[in-house]
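Report on the structure
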Amino acid sequence: MSDVQLYLLEADATDKTECKRIATQTATRLENRNLKLIDFVTSLEPHINDKDNSRIRANTVSYLADVIAALPTKVLSVQERKLLCDFILGRLEGDLEGVGASARALIALENLGKWDKTTAQKAIRAFVDNTHPLRQFKLQTERYTVVQLIDLLLASTEMLFESFTMRMTHSCPHSSRIGRVPMTEWDIHSHAQDMFDSVFNYFPITFKPPPDDPYGITSQDLKNRLRDCIAANSEFAPYAFPQLLDKLDSTSMNTKRDVLQAIQACITSYEANTLNLYSVTLWDALKFEILNVQEEDLAEEALKTLALIAAKFSGYGEGPLNAYLRPVIKECNEHLEDAPTKQSEAAGRILRAVASSAPLAADKLSKGVLPVMFALYSGSESITKRRGLLEAFNELTAAHIDLIQRDPTAKCEALKACADDALNAMIRALVSAPKAEVSFRMVSLAGVAQLVTALGVLDDKQIEQAVDTVTNMVLHERVQGHGDISASAIKALSNIAKSAPQAVRDRSIPAFMVELPDVPDVQSIPTTVLEAFAQLATERQIFETVVLRLKNKLRVARHQGASLEYQQALLYAILYAFTFGDPPLEDGVIRSAYYADYAEPLIADFVKGSSTGLDLVAIDIVGRVANIVLRQQSIHFQSQIYQKDLEWLSSSAAETDATGAQRAQLTPFLLYYYAAIRPEVVEGHDIIRLLKAQANSALDDGPPDLPRTTTLRLLSLLVNKFANPKAMQTILTETGLEVESLLGAASQPHTVQVAFAVVKGLLIQGKAGALTTRYLDALLALLSTCDKTTARQFATLLSPDDILSKQNHCLVSGLYKQKIFNQAIPAITESVRTADPQQKPAYLIALSSLLRWLPYSVLEPALASLIPPLLQTLDLADPADQEVKAAALIIFESALMHDPGTLAEHTSSLVTRLLNSTAAPANAADVRAKALQCLALAPRQLKREAVVPYRRQVVKRLLACLDDKKRTVRLEAVKCRTAWLGLDEGVEDDE
């Protein structure tokens, strides 16, 4: 049986894979010259000419197309490709069966070698003449392939297209695809309207593709193609703009969006001299979308369109630009006369959009608007009007800043000419305006900062004047409550530092230093000045100046015996600078030199020892600074630092009674220091020694003022990051931290805390799975006999800790929360059912403490079994259990929003317990507020018939909540009562 016969059999069976294999097999024979082309074509004739079976004819053409597609290049000569082309085109005149396959075969032939102009024109004419109208072919696959072929051929040839144009414009919606090439490349003057109408008839596109569309064509694809066609040729302008602007009046927001995007495409593509004829008309239409905003995104698109017009003309000549800007300037000036209004605000937006398009447009717009603006400003005594005018001025300034950022060589001559008037006006507003005029002063402050940012607009003297004004506001203006804009002033000074760092160094920083004495009185520590000064470190160009001045001031204060509170305040400022500032980087990380310049001197002064004793607050701050600088450094750098510090670290951690108190005091520093160190840096024996020392501190039932919590965090860190998981049992035993031993018969509260700290480190690590499971079971076993205090320790297992993070090189398993949920929650839930009344609160506290830190998605599958014990948790009356009750209420809130069906059978218990949780003073304010939020969700989320019986009871009980001492509780009570009263009408009111 021949290949063609095999192919036809498989085609009838619709086995496309086998059909492809057979075609490839034939192509291989042709390539190897085992089959001559003439013999191949001859073998097709009986089937391709079968008059009685159109399906066989179509499948034979498909076989031919598949074989050609499988041929490598250079197998067929030019003459052979031309013969195949003539063969395929010749049968189109008498038989259109398999027209899609014929087109596919020609596409494959074209891929084997580019056609000459004559052959391409012949192919186009054959398909246009014989397939018109294209909609006669029912199969989308056939129509699509024909369009693909014509599109391919049009892109590579030119031809006379009288008949082609007329037929294409009436063929089908696919004309937007095949029409783009002639629209763009050919002289269409005589057919412009026909060509335009052929595509605009389908505007706007409302097509929604079927879910099983094999081509993946989306509605946006069609919109983009149609938009490209509308914008393809300037000859379309007389038809495009009037019709697009007519559709801009549509009540459909989607249509408006499509229109604006189409206009933008036309502006980009059409010639400037053509656009000049319609610029004023476009302005008149587009301005209403901005002056009378319907949808914010439509206003943004209209602004973008106006900017595109200005940008187009700016590169073409001053005549069209002047003609376009004249009505824009006139309209904006008219609205500014009435400032402040929504229209004047819109005028400011227009000014910014158009001015930011190009320097020439910005210059002309500024010359036309700024003199009028400042004449209006000088002629008005109304602060409100002045504020509106300055808002518009700030928009223009922002446009110039945009231009400068895109092109640092851009000139701002018109803005510069008015800069002195503007700066003086805004400085007078900042200095002299009533402090209660917050919005006016805020606009002026923003304007001053923007003028400095607009490089080249202010001279050095004006910049210094601006810097001095803002600095004086930060340092000397003290307004309590309404009128306080100090935070904005600090932010403005930081922004100024980006553009004028030298002015800030020369003017602001010395002024700050004057306000920071070496030894202030304890009652007059300048904390506000320090806070403001530290915030300047957020600008990279002055970061080093800020932290250096702080370090020097701290050294002097310490040397002259300043109060501990002042030294702590300076340390906090340094910490803020390193935490929230923008220090210079090397290879993407903070400069390693900062460790020697800042961290090491602070360690020497505050950690290694002091004649006045150690201060825990200072030690903690220094540890944090060292952590920030050290943790990003390379292993090599960290190793050098660690080896240098090892001697004094080891002596500090020595297990001697004489240094026990000092060792505990150093724990805050050790916590942050070892958090920064990479695991590869520290030797195993060093960790064992440190673990022993910290275990002794944690297990020592000493004075309560020792930093026991910090010691426990350090134990979790060391176990998680440095202890070898493969030898974990041995290490814990050797260091006295074996959990089961700690939880033995003679266990004390502090030994239980240590056990929880060890298990936390193991849980988050996720490496010692079997050991962690055993230890967790040991902790769960405590619940059968422990008190509430021990039960509350379960909250520590999952509570967030910024030390145990990947940023600190810790091992953080992605599934540790799921692990503890799967192991602990079912066991606790089951025990709640069988526990005696005296011990049940411990189980409830442990359960809620764990669930508190779990995402709702983790506990959602087990929600049905969790609801009964969580309801019982709301009955806990101990004041120490408020956090536990709050955690349960958060879960109920999520369940009501996402899975109200699981609560349906518990409606009575839920409503009763929520009402009880709103009572004061038995419940904390946050518990009362959350209970009211949950109660407000009940009538909305649960079935009406289930909650209506409780309406009277709820509304009555809520009266007491309406008189609650806390405003947040009263607000939630009003919302809740409204929701329940709405049950009368069966509505769901939010208020």
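Residues numbered from 1 in each chain as written. Predicted model: local features only at pLDDT ≥ 70, side-chain atom pairs only at ≥ 80, totals over all residues. Heavy atoms only, no water.

**Focus: the overall build of the protein**
What counts is decided by this rule: We count a stretch as a helix when DSSP gives it H or I for four or more residues in a row; a strand needs E for two or more, and each element gets its number in order from the N terminus. A 1.4 Å probe rolled over the protein chains alone gives each residue an accessible area, and that area as a share of the maximum for its type sets the label: buried under 20%, exposed over 50%, partly exposed in between. In this description, contact between two residues means that some pair of their heavy atoms is separated by no more than 4.5 Å. Here the accessible surface of atoms and residues is derived via Shrake-Rupley with a 1.4 Å probe, and residues count as covered only by protein chains that are part of the display.
The secondary structure content of the protein amounts to 52 helices and two strands. Relative to its 991 residues, the protein shows a buried fraction of 52%. A separation threshold of at least 6 residues defines the contact pool for the protein, and within that pool the share at least 24 residues apart is 73%. Surface exposure of the protein reaches about 44,100 Å², of which carbon and sulfur atoms provide 50%.

**Considerations on the nonpolar core**
Which entries qualify depends on this criterion: Buried Ala, Val, Leu, Ile, Met, Phe, Trp, Tyr and Cys residues form a nonpolar core when they are joined through side-chain atoms within 4.5 Å.
Counting 285 residues, the largest nonpolar core has F578, F669, Y674 and W980 as its most contacted members. If sequence neighbours within four positions are ignored, W980 has contacts with V911, L935, A936, A938, P939, V947, Y950, R951, V954 and V955. L71, I88, L112 and L149 belong to the second largest nonpolar core, which has 39 residues in total.

**Considering the packing of helix 39 (residues 749-765) against helix 40 (residues 769-781)**
Rule in force here: Axes here refer to lines fitted to C-alpha atoms; in helices the fit is confined to the stretch in contact. Angles between the N-to-C directions go from 0 to 180 degrees. By definition, turning the near helix anticlockwise from the far helix through less than a right angle yields a left-handed crossing, and turning it clockwise yields a right-handed one. Amino acids outside the nonpolar list (Ala, Val, Leu, Ile, Met, Phe, Trp, Tyr, Cys, Pro) and the charged list (Asp, Glu, Lys, Arg) are all regarded as polar, and Gly is one of them.
Contact pair helix 39 / helix 40: the axes reach a minimum separation of 10 Å and the direction vectors enclose 145°. The handedness of the crossing between helix 39 and helix 40 comes out as left-handed. Together, A755, F756, V759, L762 and L763 of helix 39 and T772, Y775 and L779 of helix 40 make up the contact between the two elements. Residue classes in the contact of helix 39 with helix 40 are distributed as seven nonpolar, one polar and no charged.

**As for empty space enclosed by the protein**
For clarity, the threshold we go by: Throughout, the protein atoms alone are placed on a 1 Å grid, and a set of points is a cavity if a 1.4 Å probe fits but cannot get out or a pocket if it is open with protein on both sides within 12 Å along at least five of seven lines; lining residues have an atom within 4 Å of a point. Grid points are joined across faces, edges and corners, and a volume is the space filled by probe spheres set on the points.
This structure, assessed with the given rule, holds four cavities of 30 Å³ or more. What lines the second largest cavity is a set of 10 residues, and nearest its centre among them are L649, S650, Y674, D686 and L690. Of all elements in the fold, only helix 33 (635-652), helix 34 (660-676) and helix 35 (684-699) reach the threshold of two or more residues within the lining of the second largest cavity. For the lining of the second largest cavity, the element with the highest residue contribution is helix 33, accounting for four residues. Of the residues contributing to the lining of the second largest cavity, the split by class is seven nonpolar, one polar and two charged.

**Things to note about the pattern of salt bridges**
For clarity, the threshold we go by: Salt bridge, as used here: a side-chain nitrogen of Lys or Arg that lies within 4 Å of a carboxyl oxygen of Asp or Glu.
All told, the structure shown has 38 salt bridges when counted by the stated rule. Residues R352 and E395 are paired through a salt bridge, measuring 3.9 Å at the closest nitrogen-oxygen approach. With R352 in helix 20 (residues 342-355) and E395 in helix 22 (residues 383-406), this pair connects stretches of sequence that are 43 residues apart. Given a relative accessible area of 31%, R352 falls into the partly exposed group. Since its relative accessible area comes to 24%, E395 is described here as partly exposed.

**A word on the packing of aromatic side chains**
Stated precisely, the cut-off is as follows: Pairing of aromatic side chains here covers Phe, Tyr and the six-membered ring of Trp, requires ring centres within 6.5 Å, and sorts the geometry by plane angle: under 30 degrees stacked, over 60 edge-to-face, intermediate tilted. Criterion for a charge above a ring: Lys NZ or Arg CZ within 6 Å of the ring centre, and within 35 degrees of the ring normal.
The final tally for this structure, using the stated rule, is 19 aromatic pairs. Seen in terms of ring centroids, F512 and F533 are 5.3 Å apart; in terms of plane orientation they differ by 35°. Their pairing is tilted. Of this pair, F512 sits in helix 27 (residues 501-514) while F533 sits in helix 28 (residues 527-535), placing them 21 residues apart in sequence. Across the pair, F533 and F512 agree in class, each one buried. In this structure, R386 is placed above the aromatic ring of Y377, and the distance from its NZ or CZ to the ring centre is 4.5 Å. Above the face of the Y598 ring, K551 is positioned so that its terminal group lies 5.0 Å from the ring centre.

**As for a nonpolar patch on the surface**
The criterion, for reference: Like charges are joined within 9 Å and nonpolar side chains (Val, Leu, Ile, Met, Phe, Trp, Tyr) within 5 Å, but only among residues with over 30% relative accessible area and no salt bridge; these make up the patches.
Side chains of M1, L6 and L9 sit close together on the surface and give an oily, nonpolar patch of about 320 Å² of accessible area. Among the structural elements, L9 can be located in helix 1 (residues 3-12).

**Details of the side chain of S344**
Short version of the rule: Two N or O atoms form a polar contact when they lie within 3.5 Å of each other; inside protein one atom must be a possible hydrogen donor and the other a possible acceptor, and for residues adjacent in sequence the pair counts only when both atoms belong to side chains.
Position of S344 relative to the elements: it lies in helix 20. A polar contact of 2.8 Å, which involves the side chain of S344, links it to the backbone nitrogen of T341. Among all residues touching S344, those that are not within four sequence positions of it are H335, L336 and A339.

**Description of the confidence of the model for the protein**
In regions of low pLDDT, the predicted coordinates are not meant to be interpreted in detail. Convention followed: The predictor reports its confidence for every residue as pLDDT, a score running from 0 up to 100.
Considering every residue of the protein, the mean pLDDT works out to 86; 87% of them sit at 70 or more. Taken together, the stretch residues 655-659 has pLDDT below 50 and engages in six contacts with residues farther than four places along the chain or on a different chain.

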